[in-house]
Each structure stands twice: as C-alpha cells, then as structure tokens.
Amino acid sequence: MTEFLHYLRKSMLRLTPLVIVLALAVNAFAEDFKSSVYNPGSLKPTDSSPLVKVGDIAPDFSLQDITGGKVSLANFRGKQNVVLSFVPAAWTPVCSQQWPGYNIVKELFEANDATLIGISVDNIPTLHAWTHQMGDLWFHVASDFWPHGEVARKYGILRSDGVAERATIIVDKTGVIRYVEVHDINTIPRLENLVKELKKLPK
Amino acid sequence: MRTRLLIVLAIIFQLAMFVSPGEAQDFKLDAKGLSQMRFPSPEGVAAKKYLGLSDAPEFTLGQIGSEAVLVMIFSMYCPVCQKDAPVVNQLYQMIESDPNLRSKVRFIGIGTGNTPYEVEVFQKKFSIKFPLIPDDDFSIQKISSHDIRTPTFALARKKAGNQLEILKIKVGEIREAREFFDSISRLLVSR
C-alpha cells in the first residue's frame, strides 16, 4: 500500500509540470477571446466646439502612420476624397468596432473615389497592438499623439480630457470639407449615413 | 502526509483552471425573454421559407418551423465575427447536408446593435446563406446575464406554446465547425 502511494505520488509529481503547462495553455486560449477592451462607462456625448465647417478648406496635417510612414492630407489633393475618422481611444468599446466595420466595406469607399484615414491620439505602439487584432486594415491609421491631439485641436474636436471626439469629416478632392459630424462618443455612427454622404460627393 | 495533501490540492487547483474560462461559463440568456422577443421578418422569400414563417411583419423564434433554432448573436462591426464567418458558413453547410439534422434545426443570426443596412453588408460580404436579422436597439442585451460578447451562439429547443428551452450556449467564435456540429448533433439527434 505504502509502495503504491509512493508510486502514485511519484507519478503525480512527474505529471505536475505537464498539467501546469496544459492548464496555462488552456487559460491563454480563454484569454484570447476574453475582452481586452476597457469600458469607460457612459461619457458626456460631446465635449468640444468644432473649428471647421462644411465649405472650409480642411486644415492640413502630416501624421505618423502605423506602417512606419507619414500620412499627409495634402497628398490626396486632386486624387481622392478623404474620410477622416477620429476616434477617442484605442481599446474602448465603440472604437474597437467602428474601424473593423469600415474594414469590410472598402468597395463602398472606392465606389465613391474615397479613402479613409483613421486617427486617434494614441501613440504608435498602442495603435499597432490595437489594430493588429482587427485583422489587416486597408486604410491608413494615423497617430495624433505628439504634440498631443494637435490635429484634433486644429479641427476643434479635442475633448477636455485629451481624447478626440468620435468625429467623421469628409474632405473632397479639392481639399474642401463636405461633411462634419461630431457623433455622440458613446455610440457608433451608422454606416449607411456615411455611405449616403459619400454618394453626395461631386463626381 | 502533508506533502501528499499539498500535491492533491495542487492538482485539483490545476484541474479547476481547465474549467474556468472566466465569465464565459456563467453567461446566460433568459429563455422566457428570448421566447418573447419579436424580430422583424426577413424580406426574402427564401429566408421566410427556410424559417417556415408566415407573411407577418414580425416573428418570434418559437414560430420558426423547426424543432430547434441555432442563434448566432453577432455584429457587422465585430472583427472576431468577421474572422469566424467562414467557419459559420461551413457549420451551416454541415447542418444542411446532414439528413438527421437539417430538418431539426434552423440557423439564424441576430445582428445586435446593427441596422438592417449593416446586417445586409455582413450578409453580402461573407456570403452568409442563412437569415440575418437586425437588433438595432440591443434588445437581446436586456435578456442576457452579462454584456454580450460577439459572437455568441445559443441552441434552443421549442417546447409547448412556442416557448424555448436553451440547450447550449457558446460564447466566442466557433473556430472548429466539426466540433460544434458534433455537439449540436449529440443534443438533437442521438436521443
């Protein structure tokens, strides 16, 4: 009996590392779909005063892109319409879905000769990690991190806590602003509204 | 003796880790609430026929003409749902080509927080063959025990009076269509 217990103990000890490894692997697997998203709760819908309006020339900017290059609004002048999608912050509930939604409708942008620049005040490493789990994105993701929120400030959509509004701005090929929407930060703008505005752009 | 006890406790602890993938295990849908939810009827004739619905503008899951309903709660915006869409299509094909299961279960997607337009975008983009229904105002959230993480799958069986009984809930993507198919088969066929 003692011998048996001794054997059992020995075999259990031998198995323990394996069990630990397996348990950790299973937990890592569970962690994978466990939400990494931080929920800030309900926020004041908007918290800024836009400095741009339809008809204005869009303030130019040149920001670092997650692919390592720079993205400048002026580069699209005469070539493509541009949708600027400002989102408040990486790893927050609504933002974490808004861009993946745009990611599956590239053709709706292309049909209206438009491209998309997603902008947030997060730094590049954060944007890299966050957008990485969205899959391959077809559009530019730009960091308005430093000087902090400078572009958002120029457009008058920087909130008092240092994040941008959830704002959509459409700039036509001549650099003129055709649409400004500062959306309630707590909810997702409807895709059909964006598509409707894209269709209105001069052909 | 003490060492042995510690080892046993350690092993029990390790095994416990296997079966506790966070809140996913505790997620529940209120069966009564789900039975009472009214959804807009799908527009297409084929979708209506597949679900066995009348021409009424709205329907409840219990009115679907099969013994059981497999519900996928998703969002067009959710990257995990997008990634899982091919697997979901594979699962649908498996159900439809299984002589035992195809008459027993109907597959339906509920696009939570999605407008009809957004649901249609998802349907077309991923060539989803089963009906997808919008749940624009997050109604399904109101009958859930936790915040819904999309996708979430629920298998429900009809009881008397079009009431539903929830047989299985799976939070998160399917990943392996065969495994999921087998688990529904076991619940619905081999009894």
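Residues numbered from 1 in each chain as written. Chains lettered and ligands numbered in written order. Predicted model: local features only at pLDDT ≥ 70, side-chain atom pairs only at ≥ 80, totals over all residues. Heavy atoms only, no water.

### Here we look at the packing of helix H4 (residues 79-96) of chain B against helix H6 (residues 177-188) of chain B
Residue and element names in this part refer to chain B. Between H4 and H6, whose axes approach to 9 Å, the crossing angle comes to 45°. Between H4 and H6, the crossing angle belongs to the class labelled oblique. Handedness of the H4/H6 crossing: right-handed. Residues Val 87, Gln 90, Leu 91, Met 94 and Ile 95 of H4 form the contact with H6, whose own contacting residues are Ala 177, Arg 178, Phe 180, Phe 181 and Ile 184. Looking at the contact of H4 with H6, its residues break down into 8 nonpolar, 1 polar and 1 charged. (Axes fitted to C-alpha atoms, helices over the stretch in contact; angles between N-to-C directions. Helix = DSSP H or I, 4+ residues; strand = E, 2+ residues; numbered from the N terminus. Parallel < 35°, antiparallel > 145°, perpendicular 65-115°, else oblique. Left-handed = near helix turned anticlockwise from the far one by under 90°. Contact = heavy atoms within 4.5 Å. Nonpolar A, V, L, I, M, F, W, Y, C, P; charged D, E, K, R; others polar.)

### Thoughts on the confidence of the model for chain A
Taken over all residues, the pLDDT of chain A has a mean of 87, while the share at 70 or more is 82%. Between residues 19-34 of chain A, whose pLDDT stays under 50, and residues either more than four places distant or in other chains, the model counts 19 contacts. (pLDDT = per-residue confidence, 0-100.)

### Some remarks on the packing of helix H6 (residues 191-199) of chain A against helix H5 (residues 116-125) of chain B
Contact geometry for H6 of chain A and H5 of chain B: axes closest at 8 Å, N-to-C directions at 85°. By the angle between their directions, the pair H6 of chain A and H5 of chain B is classed as roughly perpendicular. Here H6 of chain A contributes Leu 191, Glu 192 and Val 195 of chain A to the contact with H5 of chain B, which in turn contributes Tyr 117, Glu 118 and Val 121 of chain B.

### Structural notes on the sheet that holds strand E1 (residues 62-65) of chain A
Residues and elements named next belong to chain A. A sheet is described by the order of its strands in space; here 7 strands give the open sequence E2-E1-E5-E4-E3-E6-E7, paired in mixed fashion. For this open sheet the edge positions go to strand E2 (70-72) and strand E7 (177-183), each flanked by a neighbour on one side alone. For this sheet the average axis-to-axis angle between neighbouring strands, irrespective of direction, equals 30°. Strands in contact with helix H4 (residues 124-132) are E1, strand E4 (114-120) and strand E5 (140-143); relative to E5, the strand with the most contacts, it is inclined by about 150°. Relative to the sheet, H6 contacts strand E3 (81-86), E4, strand E6 (166-171) and E7, its axis offset from that of E6 by approximately 15°. (Pairing = 2+ DSSP bridges.)

### Notes on unusual backbone geometry
Backbone torsion omega between Trp 146 of chain A and Pro 147 of chain A reads -10°, so that peptide bond is classified as cis. Mapped onto the elements, Pro 147 of chain A comes out in the loop between E5 and helix H5 (150-154). In this model, Thr 150 of chain B is joined to Pro 151 of chain B through a cis peptide bond whose omega is -5°. Within the secondary structure, Pro 151 of chain B sits in the loop between strand E5 (132-135) and strand E6 (152-158). For Asn 162 of chain B, which is not a glycine, the phi torsion comes out positive at approximately 60°. Residue position: Asn 162 of chain B is located in the loop between E6 and strand E7 (164-171). Classification of Asn 162 of chain B as partly exposed rests on a relative accessible area of 34%. (Buried < 20%, exposed > 50% of the residue type's maximum accessible area, 1.4 Å probe, protein only.)

### Regarding the nonpolar core
Grouped together as the largest cluster of nonpolar side chains are 81 residues, with contacts concentrated most on Leu 91 and Phe 107 of chain B. Considering every element that reaches this core, the biggest residue donor is H4 of chain B, with 8 residues. With sequence-adjacent residues up to four places away left out, Leu 91 of chain B is seen in contact with Leu 70, Phe 107, Ile 174, Ala 177, Phe 180, Phe 181 and Ile 184 of chain B. Val 82, Ala 142, Ala 167 and Val 171 of chain A belong to the second largest nonpolar core, which has 22 residues in total. (Core = buried A, V, L, I, M, F, W, Y, C linked by side-chain atoms within 4.5 Å.)

### Focus: the packing of aromatic side chains
Taken as a whole, this structure holds 14 aromatic pairs over all chains when the rule is applied. An angle of 70° between the planes, with centres 6.0 Å apart, marks the rings of Tyr 50 of chain B and Tyr 92 of chain B as edge-to-face. Taken as a pair, Tyr 50 of chain B in helix H3 (residues 45-51) and Tyr 92 of chain B in helix H4 lie far apart in primary sequence, 42 residues in all. For the pair formed by Tyr 50 of chain B and Tyr 92 of chain B, the shared burial category is buried. Relative to Phe 126 of chain B, the ring of Phe 122 of chain B has its centre 4.9 Å away and its plane inclined at 55°; by these criteria the two rings are tilted. Of the two residues examined, Phe 122 of chain B and Phe 126 of chain B, each falls in the buried class. Cluster of aromatic residues (ring-pair linked, three or more members): Trp 99, Tyr 102, Phe 109, Trp 130, Trp 138 and Phe 139 of chain A. (Phe/Tyr/Trp six-rings, centres within 6.5 Å; stacked < 30°, edge-to-face > 60°.)

### Focus: the side chain of Lys 48 of chain B
Residue and element names in this part refer to chain B. Here Lys 48 is to be found in helix H3. Overall, Lys 48 belongs to the buried group, its relative accessible area being 16%. When residues no more than four places from it in sequence are discounted, the contact partners of Lys 48 are Ser 41, Pro 42, Glu 43, Leu 53, Ser 54 and Asp 55.

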